[in-house]
Amino acid sequence: MTPRQQRAYVLDTNVLLYDPRAIYVFNEHDVIIPMTVIEEVDRFKKDVNETGRNARTVSRYLDELRLKGSLKEGVRLEGGGLLRVDYGPADGKEEISWGPDSADNRILATAMRWDKKPMHACLITRDTNMRLKSDALGVPAEDYQNAHIEVDEQYTGMVQRTVTAQTIDSLYANGSVPLDGYEDLFPHQFLLLVAEDSNGKTAMARVDHRRGKVRLVGRHKEGVWGIFARNKEQLFALDLLLDDSVQLVTINGVAGTGKTLLAIAAGLKQVADDARYRKLLVSRPIFPLGRDIGFLPGDIEQKLNPWMKPIFDNLELLFSTRQERNGHRSPEPEYQYLLDQKIIEVEPLTYIRGRSIPKQFLVVDEAQNLTPHEVKTVLTRAGEGTKVVMTGDPYQIDNPYVDALSNGLTYTIERFKRSEVSGHITLRKGERSELAELAAELL
């Protein structure tokens, strides 16, 4: 067998700011960090956001390695490779003939210089244009693979199986059937059972590994705060949202499928009606769509109102629907008294670090804009008796540092699909309006 050729991996700044531990994942290969990257990391370290924290972590890791040897000559990593900080050629100037003397171009020049050595180099960057320029200059370039979770086809939380008519009859009669034959399915995965020997006979069920059963999914005919499931996926979502034993629920789907509305409706039922939780906490990351309008006037509540407006829209819809069913309408938002009494809290995720959130129904909206590390921060805030619901659309991302396969929501779905305390469902059919569904499909 031909021995694996050792390579030198030149890391771009955006890789380290995304994952500070990237310096440790290349096993026996050498890791090269251009001095330009150190300078760029230094500029970010005072930021109070996730990027700033990662920049400080990178500096701390490199300082720990410095104590073990020379960063110039190379410090041995656990995988066998060497980590070096490269400061450029002897005259202090890189050969840059294709553009201005920018940070990106100096990093590219470093990759070119290392590619000329006996050990071939590869530039690792999350910047698409950097990969294009590197390839044009004849230097191999790759995206940071550890940023992407490996999925053949994203887990949807539902599967269809063909069974006998007797199995479906038994499921309806007893409310459950033995798990035999379904052991390969994930915990809390939903089943659409179709009878092979009877025309049109179907049943909807959910895997329950703890009890060794497949149990029938109820239809919630009474609705949840005036909201009724309009398709089987929404019905499955309500089944997870109203089950106390499922501590983490992830729901993804395109715009208009009802992700946030269902989550808030289920939260209101269990907080305001059933008193299972102390409060409903709805939170979302702050990312503008398109160009930011800049600073906003007013106190913190007034500043946050535009960002939290989608949440208030859903609350208004839920309360107005309930009022209409009761035969009256109020000119004032009925949910205001719940906000005043702190039964409902709406806030950004910015201030969640360091908190402990016990006995609450926590909805994290637009979770696709979170990094895996930010999701970890959120989930580790959950105290005893708290249920966490994460909703979002992995293909509608405003955060420039994540994509459809590296965002926190996708990461959580894949990592938790084997867990007994979590459940997932993908909503497919838009229910906001005919126009919204058509736009999601055509555009």
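This text goes with the structure placed above it.
Residues numbered from 1 in each chain as written. Predicted model: local features only at pLDDT ≥ 70, side-chain atom pairs only at ≥ 80, totals over all residues. Heavy atoms only, no water.

**Points about the pairing of strand 11 (residues 213-216)**
Thinking step 1. The pairing of strand 8 (residues 176-178) with strand 11 spans 3 bridges and is antiparallel. Across the sheet, V177 pairs through a bridge with V214, a residue of strand 11.
Thinking step 2. When strand 10 (residues 202-208) meets strand 11, the two strands line up antiparallel, connected through 4 bridges. Residue pairing for strand 11: R206 is matched across the bridge by R215.
Thinking step 3. The turn linking strand 10 back onto strand 11 is made up of 4 residues, and G212 within it adopts a positive phi angle of 65 degrees. (Pairing = 2+ DSSP bridges. Helix = DSSP H or I, 4+ residues; strand = E, 2+ residues; numbered from the N terminus.)

**A closer look at the sheet that holds strand 6 (residues 141-142)**
Thinking step 1. Ordered in space as 3-4-2-1-5-6, the 6 strands form an open sheet in which the pairing is mixed. Strands with a single pairing partner mark the edges of an open sheet, and in this sheet they are strand 3 (75-76) and strand 6.
Thinking step 2. Here strand 2 (residues 30-34) runs beside strand 4 (residues 82-86); their pairing, made up of 4 bridges, is parallel. What sits directly across from P34, in strand 4, is D86.
Thinking step 3. Sheet strands in contact with helix 2 (residues 35-44) are strand 1 (8-11), strand 2 and strand 4, and its direction is about 60 degrees off that of strand 2. (Contact = heavy atoms within 4.5 Å. Axes fitted to C-alpha atoms, helices over the stretch in contact; angles between N-to-C directions.)

**Things to note about the nonpolar core**
Across soluble globular proteins, nonpolar side chains show a tendency to be buried alongside one another.
Thinking step 1. Counting residues in each nonpolar core, the largest one holds 44 residues, and the members touching the most others are L241, L268, L280, L315 and F361.
Thinking step 2. The dominant element in this core, judged by the number of residues it contributes, is helix 8 (residues 259-273), at 8 residues.
Thinking step 3. Contacts of L315, omitting those with residues within four sequence positions, involve I264, L268, Y335, I344 and V346.
Thinking step 4. Core analysis: the second largest hydrophobic core is formed by 39 residues, I23, L71, V75 and V402 among them. (Core = buried A, V, L, I, M, F, W, Y, C linked by side-chain atoms within 4.5 Å. Buried < 20%, exposed > 50% of the residue type's maximum accessible area, 1.4 Å probe, protein only.)

**Remarks on the packing of helix 7 (residues 232-241) against helix 8**
Thinking step 1. Two elements in contact, helix 7 and helix 8, have axes whose closest approach is 10 Å; the angle formed by their N-to-C orientations is 35 degrees. For the element pair helix 7 and helix 8, the recorded crossing hand is right-handed. Contact with helix 7, carried on its side by Q234, A237, L238 and L241, involves L262, A263, A266 and Q270 of helix 8 and no other residues of that element.
Thinking step 2. In terms of residue class, the contact of helix 7 with helix 8 is built from 6 nonpolar, 2 polar and no charged. (Left-handed = near helix turned anticlockwise from the far one by under 90°. Nonpolar A, V, L, I, M, F, W, Y, C, P; charged D, E, K, R; others polar.)

**Details of helix 8**
Thinking step 1. Here helix 8 contains 15 residues, and its C-alpha end-to-end distance of 21 Å stays within 8% of the 21 Å for a straight helix at 1.5 Å per residue.
Thinking step 2. With 12 of 15 residues buried, helix 8 lies mostly within the body of the structure.
Thinking step 3. All of the buried residues along helix 8 are K259, T260, L261, L262, A263, I264, A265, A266, G267, L268, Q270 and V271.
Thinking step 4. A275 sits one or two residues past helix 8 and shows a positive phi near 55 degrees. (Expected span 1.5 Å × (residues − 1).)

**Description of the environment of W114**
Thinking step 1. Of note, W114 is situated in helix 4 (residues 103-115).
Thinking step 2. Among the residues examined, W114 registers a relative accessible area of 10% and is labelled buried.
Thinking step 3. Considering only alpha carbons, one finds W114 and V10, 104 residues apart in sequence, at a separation of 8.4 Å.
Thinking step 4. Apart from residues lying up to four places away in sequence, W114 is in contact with A8, I32, R84, D86, M119 and A121.
Thinking step 5. In terms of polar contacts, W114 uses its side chain to reach the side chain of D86, at 2.8 Å. (Polar contact = N/O pair within 3.5 Å; in protein donor to acceptor, adjacent residues only side chain to side chain.)

**Brief notes about the sheet that holds strand 11**
Thinking step 1. Here we have 5 strands laid out as an open sheet, ordered 7-9-10-11-8, and mixed in their pairing. Two strands close off the open sheet at either side, each with one partner strand: strand 7 (158-163) and strand 8. Neighbouring strand axes in the sheet, compared pairwise and without regard to direction, differ in orientation by 30 degrees on average.
Thinking step 2. By the bridge criterion, 5 bridges tie strand 9 (residues 190-195) to strand 10 in an arrangement that is antiparallel. What sits directly across from L192, in strand 10, is M204.

**Some thoughts on the side chain of T412**
Thinking step 1. Locating T412 in the fold gives a position in helix 12 (residues 408-416).
Thinking step 2. Discounting residues that sit within four places of it in the chain, T412 has contacts with L248, T250, V375, L379 and M390.

Keep in mind these numbers describe shape, not what the thing actually does.
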